[in-house]
Amino acid sequence: METQIPQNKAKALKISNKFTTEKLMMMLDKEKLEVLEAEFEAHPEGLPHKKFIWLMKCAMTCKPEEKYDLVHGLCKLFSEIDINGDRKMEWREFAQYVIDAVMENPVKKNAKGELPNQAELLEQINSLKFLRFNESDIVDSASHEGGIQRAIYYPSIDRILLLEIKSHVLKLIGQDIRKKEQVDLYDKGMNLYMDDDDLEEVSGEFQYEMYFALSAAYNEEGRILVCTCSNKTLHMFSLHKTGFKRMKVVKTAGVQYSVWYLPTHKMWLTASKVSEAKPAEHSQLHRIALKHTATKSFDNIAGPNFLNIWTFNSVTATMTLLSTIKAHQAQVMDAVELQAPLSVATCSLDKSIVVWDLHAGKALGVLSPKHITGVRTLDYTADYTGSMISVGHEDHIKVWSCEVALHQAYVGILEGHNTAVACARFMKKSPYVVSIDESLCIRIWDIRTLACLQSISQERKKFDCNGICVIGDQRKLSLIHISEPTRPLYISYAVFCLKKKKNKK
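Residues numbered from 1 in each chain as written. Predicted model: local features only at pLDDT ≥ 70, side-chain atom pairs only at ≥ 80, totals over all residues. Heavy atoms only, no water.

When you line up the elements, P48 lands in strand 1 (residues 47-48). When the C-alpha atoms of P48 and E90 are compared, they prove to be 9.3 Å apart, with 42 residues separating the residues in sequence. If sequence neighbours within four positions are ignored, P48 has contacts with F78 and R87. (Helix = DSSP H or I, 4+ residues; strand = E, 2+ residues; numbered from the N terminus. Contact = heavy atoms within 4.5 Å.)

Attention now goes to the pattern of salt bridges. Within the structure shown, the criterion is met by six salt bridges. Salt-bridge contacts for D446 lead to R448; the nearest nitrogen and oxygen are separated by 2.8 Å. In this structure D446 comes out as buried when scored by relative accessible area, which is 2%. (Salt bridge = Lys/Arg side-chain N within 4 Å of Asp/Glu carboxyl O. Buried < 20%, exposed > 50% of the residue type's maximum accessible area, 1.4 Å probe, protein only.)

What follows covers the sheet that holds strand 18 (residues 332-339). Spatial ordering of the open sheet is given by 18-19-20-21, a layout of four strands whose pairing is antiparallel. Both edges of this open sheet fall to strand 18 and strand 21 (362-366), since each of them pairs with a single strand only. On average, each strand axis in the sheet is tilted by 30 degrees relative to the strand beside it, whichever way the strands run. (Pairing = 2+ DSSP bridges. Axes fitted to C-alpha atoms, helices over the stretch in contact; angles between N-to-C directions.)

Turning next to helix 4 (residues 49-59). Because each turn of an α-helix spans 3.6 residues, side chains separated by three or four positions in sequence point in the same direction. Taken together, the buried positions of helix 4 are occupied by H49, F52, I53, L55, M56 and A59. Each buried residue of helix 4 lies within a common arc of 165 degrees when the element is viewed along its axis, so the set occupies one face. Exposed side of helix 4, more than 90 degrees from the buried face: K50 and C58 are the residues found there. (Arc of directions from axis to C-beta.)

Right, let's talk about the sheet that holds strand 27 (residues 432-437) for a bit. In space, the four strands of this open sheet follow the order 26-27-28-29, with antiparallel pairing throughout. Strands at the two margins of the open sheet, each flanked by one partner only, are strand 26 (421-426) and strand 29 (451-456). Geometrically, the sheet is characterised by an average inter-axis angle of 20 degrees between neighbouring strands, direction not taken into account.

What follows covers the pairing of strand 20 (residues 353-357). The side chains of a regular strand alternate between the sheet's two faces. For strand 20, the buried fraction is high: four of the five residues fall into the buried class. Here four bridges tie strand 19 (residues 342-348) to strand 20, and the two strands are oriented antiparallel to one another. Residue pairing across strands places V344 opposite W356, the latter belonging to strand 20. Linking strand 19 back to strand 20 in an antiparallel pair, the connection comprises four residues, with K351 at a positive phi of about 80 degrees. Where strand 20 lies against strand 21, four bridges are found, and the strand directions are antiparallel. The partner of V354 across the bridge, within strand 21, is V366. The hairpin turn running from strand 20 into strand 21, its antiparallel successor, is four residues long, and G361 in that turn takes a positive phi close to 65 degrees.

Our next topic: the nonpolar core. Judged by nonpolar contacts, the single largest core of 34 residues is most densely connected at L170, L225, M236, F244, W268, F312 and M319. Contact partners of M319, with chain neighbours within four places excluded, come to V226, L234, M236, V250, W268, W310, T311 and F312. The next biggest cluster of nonpolar side chains, apart from the first, holds 20 residues, and it includes F40, F52, M56 and M89. (Core = buried A, V, L, I, M, F, W, Y, C linked by side-chain atoms within 4.5 Å.)

Right, let's talk about the side chain of S435 for a bit. Here S435 shows up in strand 27. With a relative accessible area of 0%, S435 lands in the buried category. There is a polar contact of 2.8 Å between the side chain of S435 and the side chain of W445. If we ignore the near neighbours within four places in the chain, the residues touching S435 are I397, H417, V421, C423, A424, C441, I442, R443, W445 and I468. (Polar contact = N/O pair within 3.5 Å; in protein donor to acceptor, adjacent residues only side chain to side chain.)

Mean pLDDT over the protein stands at 75; residues scoring 70 or higher make up 68%. Low confidence marks residues 189-208, where pLDDT is under 50. Its contacts with residues over four positions away, or in another chain, come to 30 contacts. (pLDDT = per-residue confidence, 0-100.)

This is how it looks when you write it as structure tokens:
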């Protein structure tokens, strides 16, 4: 309900409509909005009417004789925004009103006295509704055995799993970029292979092989860590109070160069250039795959790279191969689990993205249009119509929606990078995507509008980017940029962090 002022008193005070809602919105700049946001966060249920008026009055400057006009205008503003009439102002309601007000009113001219173009106008509008991020001073000063090829964050243990190039150690670090623990793949104190048939002994002693980690994945529900190694083995570890303990090591027919855990399927997926199935089993599985995918598009991508589906029994510490599918013509680069329909999408250097039904052992289809070059990474969010993004070696990111027919899954592109995109990831529980290109320019996008919300350049930093690890959601985001300096013989690798800008107290 709008605050009513007696007519005679209003006349005495000479209250006018000088402070319209449009003018009040124009008086709010970015810094004032950040201060207001902090107050709204302290009142998650919403700001009461009097508190809102007091805060807005403190945030705005006016002449002493205009203070009654300002309060009157703020009361009208509160009434317009408080649609549900609960006499409380929520940040969501206020932010949306600010956005609408900016979009409906002209903006100020730029420094050259010219009206902003469409891109600049969009940037101004989006800057009001999105949480901006600035560079943090957190730096990784630790030594690494090799370049960090991948970093994966697991919220259940609040740890980032670091996989270094040609390393026999898996490192777990916290959000402060400090090492908490490590998992050593070498263990001289025990027989490496628990199966008697797989024991390798020389002069009665275990043969100590030299090998390194290729890929790793963690089952957060079962608390099981699986690592694939260069010596054709799968290493299984279980998480205990004292850390990760080795459970078993399984020999495989070929090198498994990548591993993923599929939580909804409750299966493990590995990629290799050698089939894990026995000759007779592989022949049968291959015929099944061809029977269900005998289309021209799939025949073109059939090749010597295989997908191997496994299940792991933690009680008996047994890793069982369920099936092998002949998948791509080149190396499988990434895999993501889709929720609707329940399936798995894989991408490859053969330029294709294929959606698979693992239970039926068949390909549901190949997404089109294909990338011009090989596809490097995929990411998926079950929210916002089940969107998926793919990154190749182009200067844009393709967006897909797999909840519709696969031949209609293509949505569009996120376009704006000047060099090839290196990696792109979703911010959990949000419609936002963060990407980084080979020139280290970071961009944040809205998947609903395919618009860029923020661009962060790194002109002073010169090193290679291997990826991005996103921690938390859009309200408590840390972007960890894993990079390698160009200086030779140095073993200290830089970690660049971004965090939401804090308000100055």
